[in-house]
Every structure is written in structure tokens, then in C-alpha cells.
Amino acid sequence: MALRLPERVPGLPVLALVLLLLPLFLGNEFHLDIATQIALIAATVVGLNLLVGYGGQVSLGHAAFFGMGAYASAILTGTYGWTSIPALVCGALLVALLAWTLGRPILRLKGHYLSMATLGMGIIIAIVINNEGWLTGGPDGLAVEPLTVMGAELSIFDHYSLLGLEVSGALLWYGLAALLLLLAVWIAQNLVDSPIGRALRAVHGSEVAARVVGVDTSHYKLLIFVISAVYASVMGSFYAHYTGFITPQVASFEHSIELITMVVLGGMASTYGVILGAVLLMLLPQLLTDFQDYEMMMFGLILMLTMIFMPKGLLPTLSEAVRRLRPRPASAPASGQE
Amino acid sequence: MNQSVQQTETSCDDTARPAPLLEVRGLGKAFGGVHAVDDLSFRILPGEVYAVIGPNGAGKTTLFNLITGLYQPDQGDIALKGEAVQGLPPERLARLGMSRTFQNLQICMNMTALENVMLGRHLHLKRNFLAALLRWPSLRASERTCRAQAEELIRFVGCGDYVDADAAAMPYGALKRLEIARALATQPAILLLDEPAAGLNSTETAALEQLIRKVAAGGITVVLVEHDMKLVMSISDRVLVLDYGRKLAEGTPREIRDNPDVIAAYLGG
Amino acid sequence: MVTKNRSVYRAVLLILVLICSMVVPVMAAEPIRIGAFVSATGPASFLGDPELKTLEMYVEKINAQGGVIGRPLRLIHYDDGGNANEARNFANRLLRSDRVDLIIGGSTTGTTMAAVPLVERAGRPMISMAGALVITEPVRPWVFKTPQSDRMAAERVLADMQSRGITGIGLISGTDGFGRSGREQTLAVAADFGIQVLADQTYGPQDTDMTAQLTRIRNTPGVEAVFNFGFGQGPAIVTRNYAHLGIELPFYQSHGVASDRFLDLAGSAAEGVRLPASALLVPDALPDDDPQKQVVQDYKAAYEARWNMPVSTFGGYAYDALMLAVAAIEAAGTSEPKAVRDALEQIQGHVGVTGTFNMSPDDHNGLAPESFRLLEVRDGQWVLVD
Amino acid sequence: MFAEFLQYLFSGVTIGATYAMVALGFTLVYNASHVINFAQGEFLMIGGMATVSLLAMGVPLPLAIAMAVALAAVLGVALHKLAIAPARKADVITLIIITIGASIFLRGLAQIIWGKEFHAMPSFSATESVNVMGAVMYTQSLWVLAVAGVLVLLLALFFTRTLMGKAILATSMNPGAARLMGIRTQFVLMLAFMLAAVLGAMAGIMVAPITLTAYDIGIMLGLKGFVAAAIGGMGSGVGAVVGGLLLGIAEAMTAGYISSDYKDAVAFLLILVILFFMPRGLFGARVAERV
């Protein structure tokens, strides 16, 4: 029987290789720092893509889950002296419970009403975080303890000896973030390739079709809503420990929009595409600093043009272009140069 | 044809006939005051090919949507294998052995042909969440089996060339058959086909006829809404004629062809 | 097909150009590298915009006059848009990629605090232009700030209320960092002045109408004065709503509105409003023997001539930050961070726009409460009350 | 007590009328193209900012308003022609991101042209406020209400009485059929964007004397307008007006009677509750799904 090789077989090792080699090309610790953050955010977006790209359910409030994870870790470790992992798990459980409770009524909605409801939910959570200063530190933010794993503290400022080598905490953190991203991708792809993932994609493709073959669509929508919320919560926790300081902006509407933009920009329902989306959107503010006053305008323009000319997102459009170039290598470059 | 079909051709008050697979009693559905389906009753027996015909707007698709749980009936009962099922959602009905296709294709265009049919196997697969998350070996084995069954079905409906094609890239006629393959993948007791021949050329229609015969021969009860009279008359055991949501006539193709009411309705009476 | 390919090609080109533009600036050994991250856009652009303008203008001026200790200044600045995480990233970029000698920023408490751990670790002095007490209390070795603390502002206002015999007030504040922190400080110290906060209302930074909150305050029995702690356009709207509702009670604002822009926005509604502010708003009203008079007049004249817009005290914070840095580098005779930090701590009697700075190892702000002048708006002008 | 209530009501109705105008803009564009135009708030900003800067140049108020509205209309058309039309086959969410990009672009542009400061616009009438049964009302509020009322009326007439209005409605219901009937759908779409821009700009100009105006004022007002449109039911004109007023009044009442801290949260809670019971908003079309 001719078993087609699933796409994930080459993808994951390539991503691993890129992540492994990347530190060699990074000029300084600042670049490493950005790379670490990108990896954490990319993992969040991979989770969001399960909901938006594969499930076809738009969420404009996902940063709220990210923020809840971040704040749960910050508060439980900082104020209550927990260690990192139980705090992270507790945050994720809390978020799962909330997503499960809210997801039921919200996911009955369709289209723009769903966007609206998720947006409202996100904003309410952000407002609570902003207002309850006694717990969250309010708009001025909250310092977060470094990550502790089994009594050992992982701080980006320290150096550690690993197998006899002196390794900076920043590099270790990068390694951790890279591992988390690989894990996030691996799990997401497992899910997509499973009967559950198929049911989920069918919800996007044709909800009636899914239902008449026996797929309990509301169950799967809820399931994936919770999963993507947990992704966000867990990454939010790591992110809080990594940056060492969080403000309510991590849970804000703007951040939600940023996350969904990464998904759409990179390419919905393309796991590697959304990672590319995260990379670009995180780098853009750094790249555009030279434009000074024109920065905001440039950002808007780039976003708009990319989506107009590549409505399917960067990676799907690029790979389609490559595929089209391949069979007729002689004629294609000519049309590309016009 | 098989035995049960022979029996239906005897009179209606025969108490010895087998229990109907699907029974509809006094079904009604109105949209904004217009009765799309009005006090409709009929029975479909196991193994027969049952066609529903009628002019446009006669309520055929509404009837299908009511039977398959996409619409809620305003009144009336529907029984599947003797069990009351009116108001149940489609996913519950699928568990009870009901499957269907659509007049306007409902194919998941974001998936391949194979995946669409594998989707049809949904109810028959292990759907353990952790197994899916971690991709356990048992899951991989069951996926392999599922893939093989789906390929088999795609070949059965005559779409063997398109196994790994993206659904979005397939021609219309192939998609219509793909939808049947997906419906068959659920291993239904009763299969409802909504205008399967619409948009097909005569060669394709002939192939479709063969396919429906093969399906029925496999013991699956087939209900179809169809405009192609030649097809209906040649494969149906019994025909139901709807007009303005009401039953105009019911009987064998021969009876229907000779029914004066039907002739009047069809010839602009 | 052709057009589609072309658009893909264009987009690829665009991305390539962007990536190439990330090439790290070439290291120049000679200039003293001053890094700045400010909130030049976003909800706190009220603060960041004049700050950045001031920094750009004075770095130019200083370089035209031969620089500091014989070396030119090089200003590397980023706009964090008021986002704490961006601020953290830009601070990190300044420290690790641009390798600056000293940092000026951020504009708000949130952006400052997000950068603090990195700055402390990297061991480079940072002079913040944000108000909250937490920035310099407890004292952190590398972190300094130029504005008076919000607690100081609250105390100044409450003291004035006390002197007028007021015992019960209504408080209204913004839900942004500035307003929240100010509200907390006010609530914390009010009792020290024998004042009860009877009504406590808030408004969002983007709100456009605060009539409801003010109506509620007005209808609270025992309220003898109203204090608004906020910055941006919010307080201007509050002031207009206040006048519009015809509330006759004394009305106080915080230093968050201390700019001539406030007078433009609030118009005649601002009449009678009192607030604590630095001398910058009333340069000509200062007595001639006031040491700040010359500094303040010069800054105001220079800023308004260069940018053709009214000065604000926020730009003054940046002026002070830069001048403190320059003074410290001159005193240290080097731009070596540790020496500059030590020199900053030793600064005494440095006359700035905001006040006279007397730094010490225990005080990284160095301002006395007297640096706040109490002003009142009369006939559309700032008038010195005491 | 009553005066207090009336005061909250005035404040709520004024801001609610603004939300309603923004929501109507959303509705117009949504009806014609099924796009949620997140740049709708920017037209509000452009209307206000352009008027302020024209006034500063000495242009008389009516002319300044006309020019600002014209500018917004041109930008509305440009938004459709340059950003929406080329991508009309894209996913709904892609179109949303395009409009978000457009709104960031317009904001960035406004920031360069007009700077980052807030600007005040003088009230249209000489007297600033009037006293009604113990509550005070801005005379400008009356302007807001009057203009909003007239615009709503004109829109209603336009859609029920004119051929062009009916063409827009037809296009919204069935673009394919409308095209067959000889309606130039692209032109209709362009018109919808233009009208939405004009509505937004008028709203921005009318409230500027009350709210002040700046390059980023469109973010929050635009968002609230979207909320109002969703409360009313996307695509329903009556819904947009009711939703806007409801939202404005709910906010003012919450700030007045419950908690100013959670005023915005209540607005969003309101929409969650409404959508929970009425998944298509108050006046949204309840159509059976066709399969």
C-alpha cells in the first residue's frame, strides 16, 4: 500500500535544525533575547492556529489567556511563594476551566458574532487585570521571579556549567524556548493528523458535512478552544518568567490582534507559516526603528500590502509560487522579473 | 430486487409486512407562513430504493433537512428503526445509521479527497485525546486501516484517480461521487442522496446509476431526491411525489407514470 | 499568472529589504553613546513626544558646542509606544546591541520598571522620566529619575487643601499607570493631612465623557474639593465636564497636566484649577533671585523656538535627565558606566528645569517637595499661588 | 435623584449617538461587502482632525466641515479601491487584517501630518450648556443628536426611496443576482465605503468639541462602534442605532450607579449576554441556513 509521507516528517527536523543553528548567526545577546521571545510567542500562535486556521473559529481575545497564564505564574510564584511548575500548571488549569465554561456559549456563535464575543471576553479579562491592582500590580505591572525547576533557578543573567561547558543563562533560555516551540509544533501536528484534527478541519471546511457523518462539532470546537487557550496560558507563564516583568498589556486587545495577525500573515492552517508570521511581526518593530516617525505608517502599510498580495498568508503563497516555478524553470523566472 | 421490495408492492393494509426502516407521520414545517412540508406521512422499508420527486419548491430538500436533523419539524414524528428521532441533531442520527449527501456540495475543500472520506469513518475510529496528542502506535495502526478503507471506498465510487488530490482541485462530477463515498464510509443503514445527478452529463449519470445499484445491492436503503426522471424510473422501487409540501402520489414507477394527478402537476395542470 | 508571480516577487523583495536593514550599526568608538527609549507614540505620547524632541534638540546643541569631555554625544533612541514589553526589548537592544554608555528612559512607570532588571544587571546608569515612587524607592544602584514622585504631588495638593480648611474630598483618577499610582499615593497619605477621600471615581485613558463620574462625586455629601489625578487628554475633558456641570468646589489637578496644552484644551473651563507643577510653566513669574529662573526661561525659549509648540514639564524631565548625565560625565571625566553612576550619586545643587537636584546614595531622585510650585489658572494663564 | 438620572442619560445619549453613527458605518460596509471595516474609527479621527486644522488655517466652520467630510469620502473610496477590492476573494479574517493594517496606516499618516497632540474644537453654538430639569446638557450634544437624527433619516430615505439605495440593498442580499440585474456591484461597494466614511467623519466632527480629538481617538470609538453594531445585529440599520444608544446609556449608567472602574467591562458584558440569548444581536436577520 502506498503510504504518502505526511508533511510533518521533513518539517520538524528542519525546524529543529534551524533552531539549533540559529544561535551561531546571532550577533549578540540582544538578538538571542529576541529569538527566545519569538520562539515563545510562535508556540502560542501555533496553538491559536489550531483554533483559527484549522478549526476556522476566529478569536480576537486570545491574549487574555496568555495574560492569565503570565499573571497566574507571576502571582503564585511572587506573592505566594510557589515554585514555577505548579504555578504554571495551576494557571493552565484555571485557563482551561475558564475557556471551557465560556467556550460553550461563545462557540455557538458564528462569524463576526464569534469575533465580537471573544473580543469582549478578552477585554473584560484585561480590564480585570488592569483594575485589581492589589493582586496584579495594576497598569504599572508586576515583577516576576525567575523560572525555578527542581530547586534550580534559570536566570538569563547567570552562567551555568553544562557537561563541563560554561553556558550563559540566556542561551539556556533560548534552548528551552526552542524545545517548547518544537514540542508545541509536534503536538499540534499530531493533533491535526489524527481523527480529532480531521474532525476539526471538517468543522472549518463544512460544518454540516461534519455533522452528518457524526462529528459532534460543538464538542470539537470547545475542545480546540480549550487546547489553544492552554497553549497560550503555558507560553504566557514561560514568557512571564523569561521577561521578568509583565504589565496588563500582555492580555490586551492589541496583543490579541497581534497574535491573530501572526496567524493570518503567516498563513492559516499552516503550522510553519504561522511561525514565520510570528517571526516577522516580532521583528518588524525592531526593523522599522530607522524610520522613526514613519514607523507606524510603514507597519500598517506592510501589513496591508502583504495581506492584499498574499491573502493566503506568506508561507502558503511562497510555497505555491515555488511549486509553480519548479515544473517550468525556464519561463517562470522571466515572469517573476517583470 | 430483494424480498422486502416484492412485499411492498402488495397492498398497504398488509399486516404481515416488515417494520419500516424510516417512518414519517404528519410531518410539517413552515417558513414564515409558507408550508414547505405539510402533514406528510410515508414509510420506507429496509433495502428499498425510494425516490422523492416533485416540481421545484415542492419541499423535497426541506424534507431531507427535516429527516436528517438539520431543521426542526414544527409537527409530526419521524421514526428510524422504530425509534423516535425527530429533533435529534444530525450527529446523533449519524450514530443511528443515517447518512446523506447534499444538493449543493458539502465537501471540505480544505482537505484531500482521501481525508474527506476518512472523515466519514469518524464514528468508527478511536478518538482518544491523549493518543492523538502523543501519536500512540495504536492510533497509527487504526489510521492506517482507516486510510485503506477510505481508498477502497474512493475506488468503489470510481474516483480512484483522485485519492490524494486536494478536494478543491477535483472536477464537479468526481466531487459528487466523493460525497457518496464519504456518506458510505459511515456504514449507514439508510443513505439519503439529494439530487445526485444534478449537473452530471449522460455518461456520468449512467455511472451514477450503476453506483446506486451497487450501493443498494449492498443492503443499504437509498432515498433520493432527483429531477432526472429517467434515472428515477429506472432504479426506484417506489416513488413519492410531492407538491406544495404535500403528498401527491406514492407508488411504483409504473403507477406514478400513469397517475393522472402527477401528469397534471408535471404538465402544468 | 504573470501578475500573481510579480506580486509574490515584490513581497519577497520587500521582506529581503527589511531583513537587510537590520544590519547592526557600525561601532564608532569616539562618541559617548546615550541611549533613550521613550513613548513617543501611543497613549503616553503626551510624555514621550516632548521628551524625545528635547533630547534631540539638546544633543545637537551640546555637539555644536564641542560635546562633553571633548567627545560628541550620539543619541540612539527608540519609540516603545507606551508598551512595557517593547520598552524592555529596546532597553535590551540599547544595552547589548548598541552598547550605550547610559540610558535615558522610559516615559512611564511601566516601561521604566520593565527595563529595570536588565539595566541593573548590565550595570549601566539609567535616568527615568517617570513619576512613580517605586522607581527610586527602594534605591536601586543604577536607576535614577528626574520627575518628582507622585506621592510628593499628592502631598503638595493635600497640604494646600488642608490650609484651606478642607476635610473631605472627591478623588477622580485615570485607570492608566500614572492615575492608578497617583490614586494609591493620595489614598495612602490623605489621612496625614486630616482629609477623608469620600468619593473615589476613575475613568479610562480613552474615555471621552466623565460627566457621570463627576455627577456622582458632586452628589456625595461632605465633598468640599475635587482632586483629579491623571495625564493626557482625560484631565482636560474632566475639567471641561466639571465646568459644564457647574460644580463650584475647588478643583485640583496633578502635575500630569502641567503643560500649556492643557490650557488650550480645557479653555475657559480651566479657570481656578490648582495644581502642583515645576517652575517651567511660570518662568517669568519667578523672583529674579530664584536660581531656576534662568534655566527655565532658556529651556522654554529654546524649545518653543525650535519646535513651534508650547513646552511641557515632561520635556523638562528629559532636559534634566540629559543635563544630569552630562554633569555626571563631566565630573567623572569619563563615560565609564561605574564612574558615571558614582558621579550621578554625588551631584549636588544641580539646577534643572524641574527643580534643584541633590542626589545621594539614598536618594536617586534628589528633589525636595519645594520643587513643586503650586499654580492656579487665572485668566487663562498660570499664576504662582505661593 | 431624577436630575442625577437625567444627567447620566444625557451623557449616555450623546456618546451613544456617536457610537450609533460609527455603528451605521460598520453596518453599511458590512451589508455591501460582508467586511468588518476596522478602519471605520479612523474616519472619525480624520473628520475631527481635518476640521480642527482647517479651522486653524482660518477656514470658516461650515466650509471646514464640508472639506473634512470630502477628504474622508475620498479616503473611503481609496480604501475600497486600493485595499479591499484587490483582495475581495480573500478570507473574511484576511480582510479584517487588511482593514486593521489600513487603520494603523491612516493613524500613522495622521500622526505625521497633524502631530500627536490632542486638539480642542470650539463648540458650534455660543452658549455651551443648557439646564434641563436640574441636569446640564451641552448644546453640542443637541448638535450631535440633531445631526445623527438627520443622517439616520437621510439614510433611511436613501435606502427605501432611491434606486441607488435599493441597489445597495440588493447587492448585500445577493451580489450575483444583483450583477445579473445590471447593478454595478463594484460601484455599489465603493459607494457604501464612501457613505460609511462620510458618516464616520460627521460623527467625528460633531463630537470633537465635547471629546477633543487626536490621531489615535479612532481606536476606542471605532471599537465601541463595532460593539454597538454587533449588539444591534450586524447589517441592521435600526440595530446599529439602537445598539449605539443602548451602549452609550449602559456605560453612563454603570459609571454613575455601579462602578466607573468596570464601566467598559459592563459594555462588553452586555454584548456577551445579548449574544448569549440572541446569537444574531437584537435586530439581526434570523435566516435558516441553506444547505
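Counting restarts for each chain: residues are numbered from 1 in the order of the written sequence. As they are written, the chains are lettered A onward and the ligands numbered 1 onward, keeping that order. Residue-level local features of this predicted model are given only where pLDDT is at least 70; pairs of side-chain atoms are given and counted only at 80 or more, and the full residue set underlies all totals for whole chains, interfaces and linings. Hydrogen atoms and water are omitted, and side-chain values are computed over all heavy atoms in the structure.

- An unreviewed UniProt entry lists chain C under the name Branched-chain amino acid transport system substrate-binding protein, with Ectothiorhodospira magna as the source organism.
- UniProt positions are given in the numbering used here, feature names are shortened, and annotations may be inferred rather than shown by experiment. Quoted verbatim from the Sequence similarities (unreviewed entry) field of the UniProt record, the comment on chain C reads "Belongs to the leucine-binding protein family."

- An unreviewed UniProt entry lists chain B under the name Branched-chain amino acid transport system ATP-binding protein, with Ectothiorhodospira magna as the source organism.

A word on the interface of chain D and chain A
For step 1, the next point in the chain: Here a residue-residue contact requires only that any non-hydrogen atoms of the pair lie within 4.5 Å. Listed as interface residues are 50 residues of chain D and, on the opposing side, 38 residues of chain A.
For step 2, the next point in the chain: Taken over both partners, the interface formed by chain D and chain A buries close to 3800 Å², and the fraction arising from carbon and sulfur atoms is 81%.
For step 3, the next point in the chain: The salt bridge criterion pairs a side-chain nitrogen of Lys or Arg with a carboxyl oxygen of Asp or Glu, the two atoms within 4 Å. Applying the counting criterion to the chain D and chain A interface returns 0 salt bridges.
For step 4, the next point in the chain: Of the residues forming the side of chain D that touches chain A, the biggest block, 16 residues, is contributed by helix α4 (residues 92–114) of chain D.
For step 5, the next point in the chain: Under the scheme applied, nonpolar residues are Ala, Val, Leu, Ile, Met, Phe, Trp, Tyr, Cys and Pro; charged residues are Asp, Glu, Lys and Arg; polar residues are all the others, including Gly. The residue inventory of the side of chain D that touches chain A, partitioned by class, reads 35 nonpolar, 8 polar and 7 charged. A simple way to read buried area is as the amount of 1.4 Å-probe accessible surface that goes missing from two parts once joined, with both sides added. Helix and strand assignments come from DSSP, with helices taken as H or I runs of at least 4 residues and strands as E runs of at least 2, each series counted from the N terminus.

Description of the interface of chain A and chain B
For step 1, the next point in the chain: If you look at the interface, chain A gives 32 residues, while chain B gives 39 residues.
For step 2, the next point in the chain: Between chain A and chain B, the buried area comes to about 3200 Å², and carbon and sulfur atoms account for 62% of it.
For step 3, the next point in the chain: In this structure, the connection of chain A to chain B is made through 3 salt bridges.
For step 4, the next point in the chain: Each polar contact in these results corresponds to two N or O atoms within 3.5 Å; when the atoms are within protein, one needs to be able to donate a hydrogen and the other to accept it, and residues that are neighboring in sequence are counted only if both atoms are side-chain atoms. The tally of links from chain A across to chain B stands at 7 residue pairs in polar contact (both at pLDDT 80 or more).
For step 5, the next point in the chain: Secondary-structure elements contributing two or more residues to the side of chain A that touches chain B are α7 (169–192), α8 (195–205), α9 (207–212) and α10 (217–243) of chain A.
For step 6, the next point in the chain: Residue contributions to the side of chain A that touches chain B peak at 8 residues, all from α8 of chain A.
For step 7, the next point in the chain: By residue class, the composition of the side of chain A that touches chain B is 19 nonpolar, 6 polar and 7 charged.

Topic: helix α1 (residues 2–33) of chain D
All names here are of chain D.
For step 1, the next point in the chain: Each helix should span, by expectation, one fewer than its residue count multiplied by 1.5 Å. In a regular helix each residue adds 1.5 Å, so 32 residues correspond to 46 Å; α1 covers 45 Å between its end C-alpha atoms and thus fits that length.
For step 2, the next point in the chain: The cut-offs for exposure are 20% and 50% of the maximum accessible area for each residue type, with area from a 1.4 Å probe on protein chains only; residues under the lower value are buried, those over the upper are exposed, and the others partly exposed. Taken across its 32 residues, α1 has 26 buried, putting it largely inside the fold.
For step 3, the next point in the chain: Directly after α1, the chain includes His 34, whose backbone phi takes a positive value near 60°.

Structural notes on the side chain of Thr 186 of chain C
For step 1, the next point in the chain: Summarising the element assignment, Thr 186 of chain C is placed in helix α6 (residues 177–189).
For step 2, the next point in the chain: Setting aside chain neighbours within four positions, we find Thr 186 of chain C in contact with Ala 154, Leu 158, Leu 171, Phe 227 and Phe 229 of chain C.

Some thoughts on the pairing of strand β1 (residues 22–31) of chain B
One face of the sheet, then the other: side chains in a regular strand alternate in exactly this way.
All names here are of chain B.
For step 1, the next point in the chain: When you tally the buried positions in β1, you get 7 out of 10 residues, the bulk of the element.
For step 2, the next point in the chain: Only strands joined by at least two bridges in the DSSP assignment are considered to pair. The hairpin formed by β1 and strand β2 (residues 34–44) contains 2 residues between the paired strands, and Gly 32 there has a positive phi angle of roughly 50°.
For step 3, the next point in the chain: Across 5 bridges, the pairing between β1 and strand β4 (residues 75–80) is antiparallel. The residue of β4 that forms the bridge with Glu 23 is Ala 79.

Quick notes on the sheet that holds β1 of chain B
Residues and elements named next belong to chain B.
For step 1, the next point in the chain: Across the sheet, 4 strands lie side by side as β2-β1-β4-β5; this open sheet has antiparallel pairing. At either end of the open sheet lies a strand with only one pairing partner, and these are β2 and β5 (83–84).
For step 2, the next point in the chain: Inspection of the sheet shows β4 paired to β5 by 2 bridges, in the antiparallel sense. Bridging from a neighbouring strand, Ala 79 pairs with Ala 84 of β5.
For step 3, the next point in the chain: With respect to the sheet, helix α2 (residues 60–67) is in contact with β1, β2 and β4, its orientation differing from that of β2 by roughly 65°. Working convention: axes come from line fits to C-alpha atoms, limited for helices to the stretch in contact. Angles between N-to-C directions cover 0 to 180 degrees.

Thoughts on the domain arrangement of chain C
Residues and elements named next belong to chain C.
For step 1, the next point in the chain: Residue ranges labeled as domains rest on an automatic or database domain assignment. What the domain assignment reports for chain C is domain 1 (33–148 + 297–371) and domain 2 (152–277).
For step 2, the next point in the chain: Put simply, the middle of domain 1 and the middle of domain 2, counted by C-alpha atoms, are 28 Å apart.
For step 3, the next point in the chain: Between domain 1 and domain 2, the residue contacts involve 20 residues of the former and 14 residues of the latter.
For step 4, the next point in the chain: Salt-bridge contacts for Lys 300 lead to Asp 260; the nearest nitrogen and oxygen are separated by 3.5 Å.

Things to note about the sheet that holds strand β9 (residues 238–243) of chain B
Backbone-to-backbone hydrogen bonds pair the strands of a sheet. The strands run either parallel or antiparallel.
Residue and element names in this part refer to chain B.
For step 1, the next point in the chain: Spatial ordering of the open sheet is given by β6-β7-β8-β3-β9-β10, a layout of 6 strands whose pairing is mixed. Among the strands making up the open sheet, the edge pair consists of β6 (98–100) and β10 (246–251). Direction aside, neighbouring strands of the sheet carry axes that sit 20° apart on average.
For step 2, the next point in the chain: In this sheet, strand β8 (residues 221–225) lies alongside strand β7 (residues 190–194) in parallel orientation, the contact comprising 5 bridges.

A few points about the packing of aromatic side chains
For step 1, the next point in the chain: The pairing test for Phe, Tyr and Trp rings, Trp by its six-membered ring, is centres within 6.5 Å, and the orientation test on the planes gives stacked under 30 degrees, edge-to-face over 60, and tilted for anything in between. Using the criterion set out here, one finds 23 aromatic pairs over all chains in the structure.
For step 2, the next point in the chain: Comment: the charge-over-ring label is applied if NZ (Lys) or CZ (Arg) is within 6 Å of the ring centre and within 35 degrees of the ring normal. Taking the ring centre of Phe 156 of chain B as reference, the NZ or CZ of Lys 214 of chain B above it sits at 4.3 Å.
For step 3, the next point in the chain: The ring of Trp 307 of chain C carries the charged tip of Lys 53 of chain C above its face, separated from the ring centre by 5.4 Å.

Some details on the UniProt feature "domain: Leucine-binding protein" (unreviewed entry) in chain C
For step 1, the next point in the chain: Following the UniProt record, one finds the feature "domain: Leucine-binding protein" (unreviewed entry) at residues 31–380 of chain C.
For step 2, the next point in the chain: Secondary structure content for residues 31–380 of chain C is 42% helix and 17% strand, while the C-alpha to C-alpha distance between its ends is 45 Å.

Observations regarding a nonpolar patch on the surface
Residues and elements named next belong to chain D.
For step 1, the next point in the chain: Here, patches come from residues exposed beyond 30% relative accessible area and free of salt bridges, joined within 9 Å for like charges and within 5 Å for nonpolar side chains (Val, Leu, Ile, Met, Phe, Trp, Tyr). Surface exposure here means Shrake-Rupley accessible area, sampled with a 1.4 Å probe, where a residue is shielded only by the protein chains that are shown. Taken together, the side chains of Met 1, Phe 2, Phe 5, Met 133, Tyr 257 and Ile 258 present a nonpolar region at the surface, about 700 Å² in accessible area.
For step 2, the next point in the chain: Listed by contribution, the elements that provide at least two residues to the nonpolar patch are α1 and α10 (237–258).
For step 3, the next point in the chain: Within the secondary structure, Phe 5 is located in helix α1.

Points about the packing of helix α2 (residues 45–64) of chain C against helix α11 (residues 313–332) of chain C
Residues and elements named next belong to chain C.
For step 1, the next point in the chain: The geometry of α2 relative to α11 is characterised by a closest axis approach of 7 Å and an angle of 40° between their N-to-C directions. Regarding the angle of α2 to α11, the classification is oblique. At the point where α2 passes α11, the crossing takes the right-handed sense. Along its contact with α2, which presents Phe 46, Leu 47, Pro 50, Glu 51, Thr 54, Leu 55, Tyr 58, Val 59 and Ile 62, the element α11 presents Phe 314, Gly 315, Ala 318, Tyr 319, Leu 322, Met 323 and Val 326.
For step 2, the next point in the chain: A per-class count over the contact of α2 with α11 returns 13 nonpolar, 2 polar and 1 charged. Roughly parallel means an angle under 35 degrees; roughly antiparallel, over 145; roughly perpendicular, 65 to 115; everything else is oblique. Two helices cross in a left-handed way if the nearer one is turned anticlockwise from the farther one by less than a right angle. They cross in a right-handed way if the turn is clockwise.

A closer look at the environment of Glu 184 of chain C
For step 1, the next point in the chain: Within the secondary structure layout, Glu 184 of chain C lies in helix α6.
For step 2, the next point in the chain: Through-space distance from the C-alpha of Glu 184 of chain C to that of Ser 173 of chain C is 9.9 Å; in sequence the pair is 11 residues apart.

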